[in-house]
Amino acid sequence: MNIVALISGRGSNLRAIAEAFRSGKIKGRISLVISNKKDAPGLDVARGYGIKGEFIDPKGFQGREEYDRYLIDRINMENPDLVVLAGYMRILSDAFIEAFEGKLINIHPSLIPAFKGLHAQRQAVEFGVRFSGCTVHYVTKDLDAGPVIVQAVVPVNPDDTEQSLSEKILSYEHRIYPQAIKWISEGRVKINGRTVVVEGARYNSLPVNPELEDF
Ligand code: GRF
């Protein structure tokens, strides 16, 4: 499994994924990390793992289409099996999504289809939900709405803040993202319309519910 990752910021998901490759839990490698932000700390994360990192400046292009066309060519040079969005904060053109559809995945810090878009954790706190979580999904032209590969549920306490909920969710992001990539690398992930099936995965085994009384 050879992957290319796109980032814009901190790179903590990138780190979790890189660690899973380094420890051999996932077989293969990250051959390239691309950032649209010059100072993204994630580029240092890449360097720390000996992964090639490139800042590609959107300002050097005429617009989204042209930038994305360049990205498509650059990514294809790596011949990746999978393109992983790990905190990539730029809207993708349709051409980009079409170029990699079926091998383009993202992580979003909510249980989609709830709380799409920016500040998902703040949206969850403000809405007052008792559960939120995170989702790894295939990327389609609908923002944060492609077929779901795996989700983790995180309880929201009444005293949670955007910050505290983000931290709780992030610790699960770092588990489900490597997990999804591992399943894909093993050829176990099948897309059937909107439904993704992971062959051999244990479903119904997550202890996600609160302490409910017996009824
Ligand atoms: C994560 O919360 C992810 O769900 C969202 O952007 C954030 C990226 O964090 N898409 P990091 O750069 O991986 O630390």
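If you're wondering where the values come from, they're calculated on a predicted model, not measured in any experiment.

**Some thoughts on the packing of aromatic side chains**
- Enumeration over the complete set of coordinates arrives at four aromatic pairs.
- Ring centres of F61 and Y67 lie 5.3 Å apart, and the angle between their planes is 75°; this geometry places the pair in the edge-to-face category.
- Residue classification places Y67 among the buried positions, given a relative accessible area of 0%.
- Members of the aromatic cluster, each reached through a chain of ring pairs, are F61, Y67 and Y70.

**Describing the domain arrangement of the chain**
- Under the domain assignment, the chain is made up of domain 1 (1–100) and domain 2 (107–215).
- Computed over C-alpha atoms only, the centres of domain 1 and domain 2 are separated by 22 Å.
- Taken together, the contact between domain 1 and domain 2 spans 20 residues of the former and 14 residues of the latter.
- When domain 1 packs against domain 2, the two sides together hide about 1,400 Å² of surface, and 74% of this comes from carbon and sulfur.
- Linking domain 1 with domain 2 are one salt bridge.
- Remark: the boundary between domain 1 and domain 2 carries four residue pairs in polar contact (both at pLDDT 80 or more).
- Among the secondary structure elements, those contributing two or more residues to the side of domain 1 that touches domain 2 are α1 (12–22), β4 (82–85) and α4 (94–100).
- Here the side of domain 1 that touches domain 2 gets six residues from one element, more than from any other, and that element is α1.
- Here the side of domain 1 that touches domain 2 is composed, by residue class, of 14 nonpolar, two polar and four charged.

Reading guide: rules and limits
Residues numbered from 1 in each chain as written. Predicted model: local features only at pLDDT ≥ 70, side-chain atom pairs only at ≥ 80, totals over all residues. Heavy atoms only, no water. Phe/Tyr/Trp six-rings, centres within 6.5 Å; stacked < 30°, edge-to-face > 60°. Buried < 20%, exposed > 50% of the residue type's maximum accessible area, 1.4 Å probe, protein only. Domains from an automatic or database assignment. Contact = heavy atoms within 4.5 Å. Buried area = accessible area lost by both parts, 1.4 Å probe. Salt bridge = Lys/Arg side-chain N within 4 Å of Asp/Glu carboxyl O. Polar contact = N/O pair within 3.5 Å; in protein donor to acceptor, adjacent residues only side chain to side chain. Helix = DSSP H or I, 4+ residues; strand = E, 2+ residues; numbered from the N terminus. Nonpolar A, V, L, I, M, F, W, Y, C, P; charged D, E, K, R; others polar.

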